[in-house]
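# Structure at a glance
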Amino acid sequence: MDNNIIKGLVNFLKQEFTQLNNKLDTGNMFKPFYGKKVFSGLIALDVDFGSGNDLSHNTKTGAVYRGKKYHTYKDALIEALDDIQDKVKAVFDSEDELMVSIIFYQTNLKQNKRSTKDLDNMEKPTLDAMQIVFGFDDAQIIEKHSYKRTSFQRAISIEIWK
């Protein structure tokens, strides 16, 4: 293959990824409207995002339970969030109203194809992990913003305001 074609493709992909990732800067997006940012974390992931649709059925008992992919992702996220929380020590009271922003960075160039996970399905195990680590109830979340973005590395960005 021609070196110029490869260089051109590399440059094109760099530009595409840069444009996609720069479309949204949540840095202070909600701060004027919401009290205080109490948590912010960007976590690179070695496992695929779990899905709320990852359900298994026990045909003998009729029980429905979350599958292995769901738990693998949730457990990896809990471990990563615990590491950050050990340093940040964000505190949540049962009366706090929370706003959450989640960005799912996937390695797919096109985020609107069937080969990518649905945004709402990725939220379920993510919110479940957050509740375990931070000790809040997801009923306290009164505003939530979620996004899928393209990146060279699978990662998740989580910000919480109260």
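Residues numbered from 1 in each chain as written. Predicted model: local features only at pLDDT ≥ 70, side-chain atom pairs only at ≥ 80, totals over all residues. Heavy atoms only, no water.

## Some details on the side chain of Lys74
Our working definition: Helical segments are the DSSP runs of H or I of at least four residues, strand segments are the runs of E of at least two, and each set is numbered from the N terminus. When a residue's accessible area, from a 1.4 Å probe over protein chains only, is under 20% of the maximum for its type it is buried; when over 50% it is exposed; and in between it is partly exposed. Here Asp and Glu are counted as negative and Lys and Arg as positive; His is not counted, and neither are the chain ends. Think of a salt bridge as a Lys or Arg side-chain nitrogen and an Asp or Glu carboxyl oxygen that are within 4 Å of each other. The contact criterion used is simple: two residues touch if any of their non-hydrogen atoms lie within 4.5 Å.
Inspection of the secondary structure assignment puts Lys74 in helix H2 (residues 68-88). For the buried Lys74, no salt bridge exists, and the shortest N-O distance to an oppositely charged side chain is 5.1 Å, to Asp128. Non-local contacts of Lys74, meaning those with residues more than four positions away in its chain, are made with Pro125, Asp128, Ala129 and Ile132.

## Here's the deal with helix H3 (residues 119-134)
Quick note on the threshold: Expected helix span is given by 1.5 Å per residue-to-residue step, counting one fewer step than there are residues.
Relative to the 22 Å expected for 16 residues at 1.5 Å per residue, H3 spans 22 Å between its end C-alpha atoms, a close match to the ideal helical length. For H3, the complete set of buried residues consists of Asn121, Met122, Glu123, Pro125, Thr126, Leu127, Asp128, Ala129, Met130, Gln131, Val133 and Phe134. Positioned one or two residues after H3, Gly135 has a phi angle of 75°, which is positive.

## A word on the packing of aromatic side chains
The criterion, for reference: Pairing of aromatic side chains here covers Phe, Tyr and the six-membered ring of Trp, requires ring centres within 6.5 Å, and sorts the geometry by plane angle: under 30 degrees stacked, over 60 edge-to-face, intermediate tilted. A ring is considered to have a charge above it if a Lys NZ or an Arg CZ atom is located within 6 Å of its centre and within 35 degrees of its normal.
In this structure the tally under the stated criterion is six aromatic pairs. Pairing Phe39 with Phe134 gives two aromatic rings, centres 4.8 Å apart and planes at 65°, and the pair type is edge-to-face. Of this pair, Phe39 sits in strand S1 (residues 37-44) while Phe134 sits in helix H3, and the two are 95 residues apart along the sequence. Three or more aromatic residues link up through ring pairs in this structure, and these residues are Phe39, Phe92, Phe134 and Phe136. Directly above the ring of Phe92 sits Lys162, whose terminal nitrogen or CZ lies 5.6 Å from the centroid.

## Examining the nonpolar core
Rules: We call a set of buried Ala, Val, Leu, Ile, Met, Phe, Trp, Tyr and Cys residues a nonpolar core when their side-chain atoms join them within 4.5 Å.
Of all hydrophobic cores here, the largest spans 28 residues; its most connected members are Leu81, Met130, Phe134, Ile156 and Ile160. Elements with a minimum of two residues in this core: S1, H2, strand S4 (98-106), H3 and strand S6 (155-161). In contact with Ile160, not counting residues within four places along its chain, are Lys36, Lys37, Val38, Phe39, Phe92, Leu98, Met99, Val100, Met130, Phe134 and Phe136.

## Looking at the environment of Lys148
Mapped onto the elements of the fold, Lys148 is located in strand S5 (residues 141-150). Residue classification places Lys148 among the buried residues on the basis of a relative accessible area of 17%. Measuring from C-alpha to C-alpha, the distance between Lys148 and Asp118 comes to 8.9 Å, with 30 residues separating the pair along the chain.

## Examining the sheet that holds S1
The following threshold applies: Whether two strands pair depends on DSSP finding at least two bridges between them. Each axis is a line fitted through C-alpha atoms, taken for helices only over the stretch in contact, and angles between the N-to-C directions span 0 to 180 degrees.
Read across the open sheet, the four strands follow the order S1-S6-S4-S5; overall the sheet is mixed. Of all strands in the sheet, those with a lone pairing partner are S1 and S5, marking the two edges. Shown here is a sheet whose adjacent strand axes are inclined to one another by a mean of 10°, direction ignored. The sheet strands contacting H2 are S1, S4 and S6, and the helix crosses S1 at an angle near 130°. Sitting on the sheet, H3 is in contact with S1, S4, S5 and S6, with an inclination near 125° to S4.

## Re the pairing of S4
The buried count for S4 comes to nine of nine residues, which makes it a mostly enclosed element. Alternating residues of S4 divide into Leu98, Val100, Ile102, Phe104 and Gln106 and Met99, Ser101, Ile103 and Tyr105, and every residue in both groups is buried. In this structure, S4 lies alongside S6, joined through seven bridges in antiparallel fashion. Paired with Ile103 across the strands is Ser157, a residue of S6.

## Here's the deal with the pattern of salt bridges
Scanning all chains against the criterion turns up five salt bridges. Note that Glu123 is salt-bridged to Lys144, the shortest N-O span being 3.0 Å. With a gap of 21 residues between them, Glu123 in helix H3 and Lys144 in strand S5 connect regions that are remote in the sequence. With a relative accessible area of 11%, Glu123 lands in the buried category. Of the residues examined, Lys144 reaches a relative accessible area of 37% and is grouped as partly exposed.

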